[in-house]
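What the coordinates show
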Amino acid sequence: MTTESAFTVIRPGILATFQDLGRRDGERQGVPSGGAADQLSAAVANILVGNPRDAALLEVLAGGLSLRAEAPLLVAVTGALATIKVDGRPVRQGEAVHLDAGAVLDVGRATAGMRCYMAINGELDVPRFMGSAAPEARMGFPQNLSAGQQVKVHSGYHGMTHPFDQPLFRLPVPRPDLSPRVWTVHIVEGPEAHAVEGIHELLAGSEYAVGPNSNHVGLRLAGPVRHPEGLGEIVSHGVPVGAFEIPHGDELIVLGRYRTLTAGYPIVAFAATSDLPLLGQAEPGRRLAFRWISREQSVERLRVQEGELRVLEQRSKTALESLGVPIDATVA
């Protein structure tokens with residue numbers, strides 16, 4: 001039976017927002033899909049607590065979130081590397097964790113990556129815009145959490161006895177690799193690559209730094225750039241998430257989920273879809289390197305990633321059901 005639970009935000013950190021995987025049909029009406037910058041980590045957090053992948057959850061910029069459970073909750077934190085504590089005791093990231101009523105969960109400052117995701121078993125009672133909890137600040141829908149805010153949760157979870165030093169279960173959790181000093185992003189050729197002499201060698205042989213003015217619209221990368229020749233004016237056209245644009249200045253722009261939907265800049269590459277979560281975690285100062293792959297290889301990498309998520313869904317469902325945890329009906 002579904003009951004009403006809640007948690008109270010003690011400290012929202014630098015910026016905590018409600019989030020999900022984005023609007024499904026908004027782009028037809030000129031509104032970016034938005035959604036979690038690291039879609040993989042957001043989906044994994046929801047799977048770990050028995051929710052559908054696209055359920056509403058919390059996105060925390062650089063950590064620093066603190067909240068108090070007002071009733072028993074089952075939570076999971078994924079994404080950027082950070083120390084997670086419950087009542088001052090460390091718990092593992094990327095696993096389901098039980099909170100007693102009154103327990104305080106703290107997400108420490110991120111040490112690698114940019115965004116943490118916290119999912120809670122059940123449905124968050126939060127506003128929607130065009131069917132999604134994803135923020136759209138440009139249209140007056142910021143979705144920011146604030147200190148003292150109480151958030152209702154519709155859940156059938158009633159708690160359990162669980163020692164914090166023992167995980168509920170351990171599962172094969174797919175996650176972006178945030179450990180290297182330089183992150184490698186796989187890319188495929190874009191429509192204007194032919195107009196930039198030596199662009200393949202340039203991108204494959206250089207490192208780029210994420211600039212401080214990067215945001216959810218796109219990453220601005222400092223590094224060597226070459227401009228196209230002989231293209232003339234480019235008619236404004238639609239652009240997907242992960243497009244590499246060369247603007248008039250000496251920088252690269254990699255478009256994010258809150259990009260504008262059309263542009264007239266040359267596009268020389270696209271990030272492989274399987275690597276978009278890594279770009280969503282790229283903080284200012286992060287060094288990036290690029291490796292060209294074919295479209296077929298890009299599709300295969302995405303197929304493997306999707307297979308890993310499906311395995312996690314099945315194993316998480318089995319584990320949670322064995323513990324009597326309610327599972328959303330839409331989980332496979």
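Located above this text is the structure these notes cover.
About the thresholds
Residues numbered from 1 in each chain as written. Predicted model: local features only at pLDDT ≥ 70, side-chain atom pairs only at ≥ 80, totals over all residues. Heavy atoms only, no water. Pairing = 2+ DSSP bridges. Helix = DSSP H or I, 4+ residues; strand = E, 2+ residues; numbered from the N terminus. Axes fitted to C-alpha atoms, helices over the stretch in contact; angles between N-to-C directions. Phe/Tyr/Trp six-rings, centres within 6.5 Å; stacked < 30°, edge-to-face > 60°. Buried < 20%, exposed > 50% of the residue type's maximum accessible area, 1.4 Å probe, protein only. Lys, Arg positive; Asp, Glu negative; His and termini not counted. Salt bridge = Lys/Arg side-chain N within 4 Å of Asp/Glu carboxyl O. Polar contact = N/O pair within 3.5 Å; in protein donor to acceptor, adjacent residues only side chain to side chain. Contact = heavy atoms within 4.5 Å. Parallel < 35°, antiparallel > 145°, perpendicular 65-115°, else oblique. Left-handed = near helix turned anticlockwise from the far one by under 90°.

Focus: the sheet that holds strand E2 (residues 15-19)
Strands sit in the order E2-E3-E10-E5-E8 across an open sheet of five strands; the sheet is antiparallel. Single-partner strands in this sheet number two, and they are E2 and strand E8 (97-99). Sheet twist, expressed as the mean angle between neighbouring strand axes with direction ignored, is 30°. Two strands pair when backbone bridges link them, and strand E5 (residues 73-81) and strand E10 (residues 112-120) are joined in this way by six bridges, in the antiparallel orientation.

Comments concerning the sheet that holds strand E15 (residues 218-222)
Strand order in the closed barrel made by the seven strands is E13-E20-E17-E18-E15-E14-E21, with mixed pairing throughout. Neighbouring strand axes in the sheet, compared pairwise and without regard to direction, differ in orientation by 40° on average. Bridging between strand E17 (residues 243-245) and strand E18 (residues 252-255) involves two bridges; their strand directions are antiparallel. Its bridge partner being in E18, Glu-245 is matched across the sheet by Ile-253.

Here we look at the packing of aromatic side chains
Taken as a whole and judged by the stated rule, the model has three aromatic pairs. Here Phe-129 and Phe-141 contribute two aromatic rings whose centre-to-centre distance is 5.6 Å and whose plane-to-plane angle is 40°, an arrangement assigned as tilted. Taken together, the residues Phe-129 in the loop between strand E11 (123-124) and strand E12 (150-155) and Phe-141 in the loop between E11 and E12 connect sequence positions 12 residues apart. Residue class for Phe-141 comes out buried when judged on its relative accessible area of 11%. Centroid distance Phe-244 to Phe-290: 5.1 Å. Interplanar angle 80°. Geometry classified as edge-to-face. You can see Phe-244 sitting in strand E17 and its partner Phe-290 sitting in strand E21 (residues 287-292), a full 46 residues away along the chain. Note on Phe-244: relative accessible area 0%, which makes it buried. Owing to a relative accessible area of 4%, Phe-290 belongs among the buried residues under this scheme. Every member of this aromatic cluster is reached through a ring pair, and the members are Tyr-208, Phe-244 and Phe-290.

Side note on the side chain of Arg-115
Secondary-structure assignment places Arg-115 in strand E10. Buried Arg-115, no salt bridge; nearest opposite-charge side chain is Glu-59, N-O distance 4.1 Å. Polar contacts involving the side chain of Arg-115 include one to the main-chain carbonyl oxygen of Gly-280, which spans 2.5 Å. The contact partners of Arg-115, leaving out residues within four places of it in the chain, are Ala-37, Glu-59, Val-60, Leu-61, Thr-78, Gly-79, Ala-80, His-216, Gly-280 and Gln-281.

Observations regarding the packing of helix H1 (residues 39-48) against helix H4 (residues 295-322)
Between H1 and H4, the shortest axis-to-axis distance is 9 Å and the interhelical angle comes to 20°. Taken together, H1 and H4 sit at an angle that is classed as roughly parallel. Like other packed secondary-structure pairs, H1 and H4 cross with a definite hand, here right-handed. Along its contact with H1, which presents Leu-40, Val-44, Ile-47 and Leu-48, the element H4 presents Gln-305, Leu-309, Leu-312, Glu-313, Ser-316 and Leu-320.

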